Amino acid sequence: MLKTHLKMAWQNLWKNRFYSTINIVGMTVAITCLLLAVMYWDEEHGYDDFHTNNPNLYRITTNLVEHKGAIVQTVGTTGQIQGRAFKEAVPEIRKFTRVMGGGISSEVSTAEKTLLLNTLFVDTSFFEVFTFPLVHGTALTALKDVNGAVLSASTAMRLFNSTDVVGRVLRMESDPSYQRLEKPLVVSAIAKDPPKNSSIQFDILLPFEFLELAFTDTNWLNTYLGTFVVLEPASNRERIEQQFNRVFATHARDQVEQNIARYGFDSKINYGLQNISDVHLEPLLSGNDFNGESGIVDTSTPIYSIAFLVIALLILILASINFINITIATALNRAKEIGIRKISGSNKIQIIFQFLLESGLLCGISFLLSLLAIRQLIPIFNSLTAKQFAFEQFFNIEMGGYLLLIFGSVILITGLYPAFVLSRFQPSEVLYNKLKQIGQNVVGRGLIVFQFSLGIFLLIVAIVFHSQMDYVRTKDLGYNPAQIITTRISGNRDYAAIGNVLKDELSREPAIMSISYIRNQSSGGVMVNNKRIESSFKSVDDNYLPDVEIPLLVGRNFSPDFATDLTNSVIVNETFVNASNLSDPVGKSIELIEYEGKPTKTIIGVVKDFHFGSLRESIKPMVISMAQVPYGDILIKFQKSKQREAINELEMVYKAIMPNAVFKYDFLDELNAKQYRQELRWQKLVDIATLLAIIICCIGLLGMVHLSINQRIKEIGIRKLLGASVTSIVALLSKDFIRLVLIAIVIATPIAWYAMNRWLQGFAYRIDLQWWIFAAAGVVAVVIAMITVSGQSLRAAMADPVNSLRNE
Amino acid sequence: MIKTTNLCKSFRTEEVETLALNKVSLHVRENEFVAIMGPSGCGKSTLLNILGLLDRPTSGSYVFAGHEVAKFTESQRTRIRKGNLGFVFQSFNLIDTLTVFENVELPLLYLKVPKSERKDRVMEALGRMKIGHRAKHFPQQLSGGQQQRVAIARAVIPNPKLILADEPTGNLDSKNGNEVMNLLTELYQEGATILMVTHSDHDAQFAHRIVNLFDGQIVTESVNREMTTRE
Ligand SMILES: Nc1ncnc2c1ncn2[C@@H]1O[C@H](COP(=O)(O)OP(=O)(O)O)[C@@H](O)[C@H]1O
Ligand SMILES: [Mg+2]
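This is a predicted model, so every value here is computed, not measured. The numbering scheme is per chain: residues are counted from 1 as the chain's sequence reads. Working convention: letters from A go to chains and numbers from 1 go to ligands, in the order in which they are written. Given that the model is predicted, a residue must reach a pLDDT of at least 70 before its local features are reported, and side-chain atom pairs must reach 80 or more before they are shown or counted; all residues, however, enter totals for whole chains, interfaces and linings. Note: side-chain values were computed over all heavy atoms of the structure, leaving out hydrogens and water.

**Section: the overall build of chain B**
Thought 1: Strands are runs of DSSP state E lasting at least 2 residues, helices are runs of H or I lasting at least 4, and numbering of each runs from the N terminus. Along the backbone of chain B there are eight helices and ten strands.
Thought 2: Two things to know: the radius of gyration comes from C-alpha atoms, and the globule rule equals 2.2 Å times the number of residues to the power 0.38. Computed over C-alpha atoms, the radius of gyration of chain B comes to 17 Å, within 12% of the 17 Å expected from 2.2 N^0.38 for 231 residues, which places it in the range of a compact globule.
Thought 3: Along the first, second and third principal axes, the C-alpha set of chain B runs to 45 × 40 × 35 Å.
Thought 4: Type-normalised accessible area, obtained with a 1.4 Å probe on protein chains alone, sets the label of each residue: buried when under 20%, exposed when over 50%, and partly exposed for intermediate values. Counting across all 231 residues of chain B, residues that qualify as buried make up 55%.
Thought 5: What makes two residues a contact is simply this: any of their non-hydrogen atoms within 4.5 Å. At a minimum sequence separation of 6, the contacts of chain B that also span at least 24 residues come to 68%.
Thought 6: Note on areas: these come from Shrake-Rupley sampling with a 1.4 Å probe, and a residue is covered only by the protein chains present in the view. Summed over all atoms, the accessible surface of chain B reaches about 10,500 Å², with 50% contributed by carbon and sulfur.

**Considering the site of ligand 1**
Thought 1: Looking at ligand 1, there are 13 residues lining it, with G41, G43, K44, S45 and T46 of chain B nearest.
Thought 2: At the site occupied by ligand 1, nearby residues are drawn from chains A and B.
Thought 3: A 3.5 Å cut-off defines polar contacts: any pair of N or O atoms within that distance qualifies, except that in protein one atom must be a possible hydrogen donor and the other a possible acceptor, and neighbouring residues in sequence count only when both atoms are side-chain atoms. Separating an oxygen atom of ligand 1 from a backbone N or O atom of C42 of chain B is a distance of 3.3 Å.
Thought 4: The separation between an oxygen atom of ligand 1 and a polar side-chain atom of S45 of chain B is 2.7 Å. The near set for a molecule or strand comprises every residue that places at least one heavy atom within 4 Å of it.

**Digging into the interface of chain B and chain A**
Thought 1: Each partner contributes to the interface: chain B provides 20 residues, whereas chain A provides 17 residues.
Thought 2: The junction of chain B with chain A conceals about 1,800 Å² of combined surface from both sides, 58% of it contributed by carbon and sulfur atoms.
Thought 3: When a carboxyl oxygen of Asp or Glu lies within 4 Å of a side-chain nitrogen of Lys or Arg, that pair is called a salt bridge. At the junction of chain B with chain A, the criterion picks out one salt bridge.
Thought 4: A salt bridge links K720 of chain A to E74 of chain B; its shortest N-O distance comes to 3.1 Å.
Thought 5: For the side of chain B that touches chain A, the elements supplying multiple residues, two or more each, are α2 (74-84), β6 (85-89) and α3 (100-110) of chain B.
Thought 6: In terms of residue count, the dominant contributor to the side of chain B that touches chain A is α2 of chain B (five residues). Here the quantity called buried area is the accessible surface, traced with a 1.4 Å probe, that two parts lose on coming together, added over both.

**Describing the environment of T169 of chain B**
Residues and elements named next belong to chain B.
Thought 1: If you trace the backbone, T169 turns up in the loop between β7 (162-166) and α6 (174-189).
Thought 2: Relative accessible area serves as the criterion here: at 13%, T169 is assigned to the buried category.
Thought 3: Residues T169 and M181, spaced twelve residues apart in sequence, show a C-alpha to C-alpha distance of 7.9 Å.
Thought 4: The residues touching T169, leaving out its near neighbours within four places in the chain, are G177, V180, M181 and D203.
Thought 5: Here D203 takes part through its side chain, which lies 2.5 Å from a polar atom of the side chain of T169.

**Side note on the side chain of S109 of chain A**
Thought 1: By the secondary structure assignment, S109 of chain A is in strand β3 (residues 93-109).
Thought 2: Those residues in contact with S109 of chain A that lie beyond four places of it in its chain are T114, V169, L170 and R171 of chain A.

**Comments concerning helix α5 (residues 153-160) of chain A**
Residue and element names in this part refer to chain A.
Thought 1: Here α5 has its buried residues at A153, T155, A156, L159 and F160. The buried residues of α5 occupy one face: seen down the axis, they fall within an arc of 160°.
Thought 2: Where α5 is buried, its residues touch β3, β4 (114-122), β6 (148-152), β7 (169-170) and β8 (185-191).
Thought 3: Once α5 ends, the next one or two residues include N161, with phi positive near 65°. To be clear, the arc concerns the directions from the helix axis to the C-beta atoms.

**A short note on the sheet that holds strand β8 (residues 193-197) of chain B**
Residues and elements named next belong to chain B.
Thought 1: Should DSSP find at least two bridges between two strands, the strands are regarded as paired. Here we have six strands laid out as an open sheet, ordered β6-β7-β8-β3-β9-β10, and mixed in their pairing. The strands lining the two open edges of the sheet, one partner per strand, are β6 and β10 (217-223). Looking at each pair of strands side by side, their axes are set apart by 15° on average, direction ignored.
Thought 2: Alignment of strand β3 (residues 33-37) against β8, held across four bridges, turns out to be parallel. Across the sheet, the residue bridging to I36 is V197, located in β8. To get an axis, a line is fitted to the C-alpha atoms, and for a helix only the part in contact is used. The angle between two axes follows their N-to-C directions and goes from 0 to 180 degrees.

**Notes on unusual backbone geometry**
Thought 1: Positive phi is not limited to glycine here, since N31 of chain B has a value of about 55°.
Thought 2: Mapped onto the elements, N31 of chain B comes out in the loop between β2 (16-28) and β3.

**Some remarks on the packing of aromatic side chains**
Residue and element names in this part refer to chain A.
Thought 1: Here is the rule: rings of Phe, Tyr and Trp (six-membered ring for Trp) pair when centre to centre is within 6.5 Å. Planes less than 30 degrees apart are stacked, more than 60 are edge-to-face, and the remainder are tilted. Applying the stated criterion across every chain, the model contains 34 aromatic pairs over all chains.
Thought 2: Ring centres of Y40 and F389 lie 6.4 Å apart, and the angle between their planes is 55°; this geometry places the pair in the tilted category. Here the residue Y40 occupies a position in helix α2 (residues 17-45), and F389 occupies one in the loop between α12 (348-385) and α13 (397-423), the gap between them amounting to 349 residues. For the pair Y40 and F389, a shared accessibility class is recorded, and that class is buried.
Thought 3: Between F126 and F127, the aromatic rings sit 5.3 Å apart at their centres with planes inclined by 85°, giving edge-to-face as the arrangement.
Thought 4: Ring-pair connections join several aromatic residues into one group, and the members of that group are F50, F126, F127, F130, F132, F202 and F228.
Thought 5: Both a distance and an angle decide whether a charge sits over a ring: NZ of Lys or CZ of Arg must be within 6 Å of the ring centre and within 35 degrees of the ring normal. One Lys or Arg, K503, reaches over the ring of Y517 and ends 4.4 Å from the middle of that ring.

**A few points about the sheet that holds strand β5 (residues 67-68) of chain B**
Whether parallel or antiparallel, the strands of a sheet pair through hydrogen bonds between backbone atoms.
Residues and elements named next belong to chain B.
Thought 1: Taken together, four strands build an open sheet; the order of strands is β2-β1-β4-β5 and the sheet is antiparallel. The open sheet has two free edges, formed respectively by β2 and β5, since each of these has just one partner strand.
Thought 2: Alignment of strand β1 (residues 2-13) against strand β4 (residues 59-64), held across five bridges, turns out to be antiparallel. Across the sheet, C8 pairs through a bridge with S59, a residue of β4.
Thought 3: This element, helix α1 (residues 44-51), spans β1, β2 and β4 of the sheet and lies at about 120° to β1.

**Let's talk about the domain arrangement of chain A**
All names here are of chain A.
Thought 1: Each domain's extent is set by a domain assignment, obtained either automatically or from a database. Per the domain assignment, the segments of chain A are domain 1 (2-40 + 303-470 + 677-806), domain 2 (54-278) and domain 3 (490-660).
Thought 2: Averaged C-alpha coordinates put domain 1 and domain 3 at centres separated by 58 Å.
Thought 3: Counting residues at the interface gives five residues for domain 1 and six residues for domain 3.
Thought 4: For the domain 1 face of the interface with domain 3, the top three residues by lost area are F763, A764 and Y765, together amounting to 73%.
Thought 5: Remark: the boundary between domain 1 and domain 3 carries zero salt bridges.
Thought 6: Between the two partners, domain 1 and domain 3, sit one residue pair in polar contact (both at pLDDT 80 or more).

**Description of the confidence of the model for chain A**
Thought 1: Confidence scores per residue from the predictor, reported as pLDDT, run from 0 to 100. For chain A, the mean per-residue pLDDT works out to 87, and 93% of the residues sit at or above 70.
Thought 2: Within the model, the stretch residues 430-439 of chain A combines pLDDT values under 50 with 22 contacts to residues more than four positions away or in other chains.

Rendered as structure tokens:
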């Protein structure tokens, strides 16, 4: 029974191979996208699930209250002091560990080499809280000694060419803690490399006690590192959070009062708990935490996995629409078969079953093709998503479950509806040829309109995306980042002395034109004329403004000739002047509120506004002071077309001055471009999605046109017989479909306008949504549809009428 | 009006080659009524299609109204067909999605006749075929005889010089069949040239001349005395 049905299904697919091909192509594309999206989703939502303490493993979060009284934000970080204090007060906390790092690199040396390693400072309980298996050494004692260091396996290989290196000695000469340690570090254990879906990544783990040799902090109001706790199973989180708040209220009282006295506001703080599984998608990091001490890296947001899945589902919908349209339409041609089967006693269920079998067969073929496609596409997908998926990942139980689920639902969606529609045919209607023509098939037309609306919507999205990103990339930043190398000095070194030597030596190198310093400092309040202005702070040396070509509007640049510039002078930007309503800013005094002693400074110049950071944000008021010591970035301006020489010279000098340091550099313009890497990836993705959607729309349209022409073949013959020209036949056949595309344009345009307007609101600097974007999308859609339709129509119109009239 | 010399037509299908017409030489003068007869499959329709410029001969010459058209392209043939030739088929070949009126209007549409004139001429033709009252109906709503009358109205509306009818009564009962034959005779008497394929001796008696086809060849030609005398 099944075998005959299967055979019949196969014969039918083969007989309609043109349509079967359309269906298989569309379905393969859709299933491929969906599987990739599910894989991405699974990966994104599976971060940090591997810790065996997981359901009870939490991170402590901090709600900060701003001076105005509003909750500023919830951050995923705390200071150093909370962990221990909470552990002592709350019995439900089994273990806790602080994790500081993520963006901290240290120069670690063996006898042979020095490497820059990603360093985490953690408590001894680290391995009891997290699940990072050891290859060598014992977890309980690995971080007990202040000079114990745990290396990841790959780092051990890089340093020693072996993982069996427990007991070997390491130096960190530029590290302030190491400078106080007075003995070498000893490798105490080797851990397996953290899995790639871990938010906590490290090359080397050092005891928190080691960090404390140089840096202790008892301030309750600080938030910069991660504190993780393991709770007793089934403990009441809310009660624990309240206990945290009570501990804060008693322990931090003095500090809070001091703060009120000094800065004039009460930084009300309360605490929360966040499960470790949520950390990746809800990193809760504020601007300053991105400095890299929170312990958390590779953060994301759910929007990516959602967007992926939505795009994949849309493509699946498009392909399913083709499938349904074509199945119903070809089945109309098969209506006679169905009618006869009904008359000869076949029941509804059997007919439905036959259809489901056919769609199952098609989907099965598509599924296999998808798997083949994914195998080929994984490298491309990885570069698009910046992940490292492997094809083998598909063959685990969880993915298997998803596969089955997708497979089943696709068959049901695509098979059930047509089966249902067709099984309801009345044999009498069918056999006496009373069925409506496809041309009047309202559902089919509606679906085509829907498809094209989506396609056009995506097309507009893609055009707007491109225009905006081009705009952002080519927008004048207000300074010139070309011909500039950036580097920095790291570790605990004599920055002033090194800076001086560096400047001296480099100025003698022929390819290097100039050296300047810039350091980003935090932001804070500035009082001008009794008005508080939130500003960002930078410190630069006297070369910076000329080197990056930032023009002064009034006043003068910093100069070593003025002794007071280092202590008393500031330069502000235009926005600052506008915000403070200063009519004649040069010579005016301002007061930096959040600096110890509230220093008063004098404005000596105003620079033209320039962008610092992403163009998503508008330019903020900026206060620039003078610095002679390179604590931040060192910018080296080099001669045009002498880039190689400049790097070589720089590296030579750098290494001569700091033999133990690791030399790292970037080009300023490339650094700027990197800010938009994420957006560029999305741009590519949108492009691909748009392309796929349009291809699927087109093959669907192709199928529908083909069907409709087949149905009208006799009419075409008659019209030609009566003298219709080829053009008039093509027009006749295309008109209907082009009209559908026009309707789709009318539907898609306002929706796309609304959506893209919303998206652009996220940019401080953005393009206007001009009419030509929509016109272009419309024209493209019409042209593509026209090409699709006219090929088929032309073929039909050119055919000899005699052929279509002959067979009756 | 029509002169063919050694017309041949062969069809190739996968492996077999059928010679549907074999050296057919035929001469039809203006205002003749010629019936083409012969057993099924002998090439009658093929001949009619070639004569009606719907198809091309494989070889031989075909002169239509002074033009050698055997090698004409489809678009050249369309140009000649338009307005000059009218077709009537056994299966009516009306467009189901158009009304009776619209079906009959089509040839005028393609001749770019202005709208007001079109309306008058269509109504007149329908009136003549005694089907004017069904102008707004769709073909499926009419009986076979009515449909064939619509098809004839459509064939004659541009006042063609030549009317080609392929078994026009084949799907009709005798009463309706006779009615159709009377209409064709009327047209002939008004000056049209008519080429009609038929199975029926009865229908053939309306014609002026009978051409008998067998296996793609003309076997006999006979003049219908009754008709000649009537002339
Ligand atoms: N398009 C075609 N392809 C192949 N063979 C054809 C075609 N048209 C007609 N024939 C063959 O040519 C022969 C003559 O057909 P036709 O002119 O339709 O016969 P009639 O009208 O006399 O019954 C038949 O054998 C038929 O099978
Ligand atoms: Mg025939």
